[in-house]
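# Structure at a glance
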Amino acid sequence: MDQHELDGPSLNCLHDLAKVEAERLRRQAMRDFGDEAVDDFWRGANAIWQRGQATAQRNAARFQARLARCAS
């Protein structure tokens, strides 16, 4: 196995640890900056993610159209 590959149980353990750490950081941010600031941050992050998704979908559709034109 490559040193960068993880088996299922190891990956699950890392995922669980990451969730625990994310929750700890969330609680700390809420304590340090308040609920409203944390909510604003996540609303902004979600908006950026959605724009990225829309851009990726448009780019995929354009690429697919180009492939279709080249194939015909």
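Computed from a predicted structure; not experimentally measured.

## Things to note about the pattern of salt bridges
In total, this model carries 4 salt bridges according to the counting rule given. In this structure, E21 engages R24 in a salt bridge whose closest nitrogen and oxygen atoms are separated by 2.7 Å. Highlighted residues: E21 and R24, both in helix α1 (residues 8-33), separated by 3 residues, approximately one helical turn. Looking at E21, the relative accessible area reads 35%, which means it is partly exposed. For R24, a relative accessible area of 37% translates into the label partly exposed. E23 serves as the salt-bridge partner of R27, at 3.5 Å between the closest nitrogen and oxygen. One end of the pair, R27, and the other, E23, are both in helix α1, 4 residues apart, so they sit about a helical turn from each other. On the accessibility criterion, E23 (33% relative accessible area) is partly exposed. Each of E23, R26 and R27 takes part in a single network of salt bridges with overlapping partners.

The rules behind these values
- Residues numbered from 1 in each chain as written.
- Predicted model: local features only at pLDDT ≥ 70, side-chain atom pairs only at ≥ 80, totals over all residues.
- Heavy atoms only, no water.
- Salt bridge = Lys/Arg side-chain N within 4 Å of Asp/Glu carboxyl O.
- Helix = DSSP H or I, 4+ residues; strand = E, 2+ residues; numbered from the N terminus.
- Buried < 20%, exposed > 50% of the residue type's maximum accessible area, 1.4 Å probe, protein only.

By themselves, these are just geometric observations and shouldn't be taken as functional.
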